[in-house]
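Observations on chain architecture
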Amino acid sequence: MIDETTPPRVDSEVGPLRAVLLHRPGNELKRLTPRNNDQLLFDSIPWVDRAQDEHDAFADVLRSRGVEVLLLADALRTALEDDRAHAAGVHAAVDDRRLGGDLADSLRSHLSGVSSAGLAEVLMAGMTFEELPSSEGASLVRMMNHPHDFAVDPLPNLLFTRDSSVWIADRVAVSSLNMPARRRETAVLDLIYAYHPQFRHAARAYGAHSAPIEGGDVMLLAPGVLAIGVGERTTAAGAESLARSVFADGIAHTVLAVPIEQSRATMHLDTVCTMVDADAVVMYPLARDMLTAFTLRPTGDGGVKVAGPAPFLTAAAEAMEIDRLRVIDTGLDPVTAEREQWDDGNNTLALAPGVVVGYERNVETNERLEAAGIEVLPIAGSELGSGRGGPRCMSCPVRRDPL
C-alpha cells in the first residue's frame, strides 16, 4: 500500500510499476447515446458489461505482475467521507448557470444530505432533469429541458486516468483539461488528491486551473526529462506553464515541447509514441521523421530559455544523454501502420523495462515489439477502445521504482 514509508513517486515511463490509479467503467458509460456520444468524445456506444470485463482483465494482468491497483471510484468515495470534500463535491456538481439560482439551490440542498457514495455517483455518472429531486413551485428550467437532458453532465472519459492527473517525481499535476466534456474531471481528481488518506501529503506540480494540459501529452523520458505534446488537447501555454512549474520545483532540468497534428487520430503524444524500454519507443512511422521538439531549460534566475526546433528523436537522445533512442515502428506497411495507430498500437503501458501491456488486436505491432525483445502482455480492448484510448491512457502510475 502507498503510505508515508512508500510515498508516490514516478521518475520515468518504464521503471518497475508498483501502484497505479485506474477507473473501472461505470454508469457514466451507460449515459452515452447516438445523440450525445460525439459531444462526450466517444466514437461509438460501448457495450458496458463487456467494457467492464475487459477492464477487469486489464487490472488482473497488472496485479499478476505485482502492481497495486487503486480504483478511482473507491478513492473518490473515501475522499468524500471528509465533510470538507463533501461540500466541495456538491459545489463541483452544481452549475448555477445551467440550472438557475432556485433549482441550483434545491439540488445543492439535496446533495448535501446524500452519502459519500451517492455524491460520488452523481459526480461520475451525472444526473438528468428527470432524476432531480422534486421541488415546490414552477421551474422554467426544468419544464424547458427534456427529462433525459443532463442537469449534471456525466464523465465517461474518467476511464482515461492518464489524462486527468500525472505524477512527476514526488509531485502530482492535476490537469487542466481542454475539452468541455472533460473539464469537471479536474474537480474530481482535486478532491481525491486533497482528501484521500493515501494522498494527503502529496505535493502539487502545476496549477490545475492554468492553461490547458493533459496527461496523455506528458511523457517522462528519463529522470528530469519531460516531453510534452502540443496539439488538440495541450496548448503551448500549458506546456510552458508545466515546464516553469517543474523547473521551479527542481524536479526536471529539460522539457521538450513536441508539436503534434491537431486531429482525433493524434489527440495526444501517447497516441503516436510511447516508451517500451529505457532507450526505446514504439512509434507511428509517419511521426518518426515529422516530429520535432523545442527544448526548454531553466536559466537559473527564474526564466526559461527555448532552443530549436530540432528533430524529436535527436533532441530526446541528447536530453536523455544517450547515443540514440531506439524506434520500433507500428505495423509493417503504411495501411497496417495507420490502422494499428488508430487502434492504439502505440499506446502501451510499461510495467518494467522491456515489458508492456498492449491491445491484442494490434497483431503486427505486437510482433515487431516481441522481435525487438519487448515482452507484450496482450489484453482485449474492443469496447475499451471506443473512446480512443489504450492501456497507457487508462492508467495513471502513482509509484514506480527507480530505473
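Please read these numbers as outputs of a predicted model, since none were measured by experiment.

Reading across the sheet, the 3 strands line up as β2-β1-β19 and stay open at both edges, with mixed pairing between neighbours. Taken across any chain shown, the strands that pair with only one partner, and hence form the sheet edges, are β2 (68-71) and β19 (396-400). Between one strand axis and the next, the sheet turns through 20 degrees on average, direction left out of account. Two strands pair when backbone bridges link them, and strand β1 (residues 17-22) and β19 are joined in this way by 4 bridges, in the antiparallel orientation. Across the sheet, Leu17 pairs through a bridge with Arg400, a residue of β19. Across the sheet, helix α1 (residues 48-64) touches β1 and β2, and the angle it forms with β1 is around 160 degrees.

Within the span of helix α14 (residues 363-371), buried status applies to Thr365, Asn366 and Leu369. Buried residues of α14, seen end-on, are gathered within an arc of 95 degrees and therefore sit on one face of the element. Exposed side chains of α14 directed beyond 90 degrees from the buried face belong to Glu367 and Ala371. Just beyond α14, the residue with positive phi is Gly373, at close to 90 degrees.

Locating Asp74 in the fold gives a position in helix α2 (residues 72-79). Exposure remark for Asp74: the relative accessible area of 39% places this residue in the partly exposed category. In sequence terms Asp74 and Ala120 are 46 residues apart; their C-alpha atoms lie 9.0 Å from each other. Within the structure, Asp74 has its side chain in polar contact with the side chain of Arg77 (distance 2.5 Å).

Here is the key point about a regular strand: its side chains alternate between the two faces of the sheet. Most of strand β11 (residues 273-277) is tucked away: 5 of the 5 residues are buried. Where β11 lies against strand β12 (residues 280-283), 4 bridges are found, and the strand directions are antiparallel. Looking at the pairing, Thr274 lines up with Val282 of β12. Where β11 hands over to β12, the hairpin turn is made up of 2 residues, counted between the paired strands.

The next thing to look at is the UniProt feature "active site" (unreviewed entry) in the protein chain. Per the UniProt record, "active site" (unreviewed entry) is annotated on Cys393. Relative to the assigned elements, Cys393 resides in the loop between β18 (375-379) and β19. Setting aside chain neighbours within four positions, we find Cys393 in contact with Leu159, Phe160, Thr161, Arg162, Asp270 and Asn347.

Rules used throughout
Residues numbered from 1 in each chain as written. Predicted model: local features only at pLDDT ≥ 70, side-chain atom pairs only at ≥ 80, totals over all residues. Heavy atoms only, no water. Pairing = 2+ DSSP bridges. Helix = DSSP H or I, 4+ residues; strand = E, 2+ residues; numbered from the N terminus. Axes fitted to C-alpha atoms, helices over the stretch in contact; angles between N-to-C directions. Contact = heavy atoms within 4.5 Å. Buried < 20%, exposed > 50% of the residue type's maximum accessible area, 1.4 Å probe, protein only. Arc of directions from axis to C-beta. Polar contact = N/O pair within 3.5 Å; in protein donor to acceptor, adjacent residues only side chain to side chain. UniProt positions renumbered as here; feature names shortened; annotations may be inferred.

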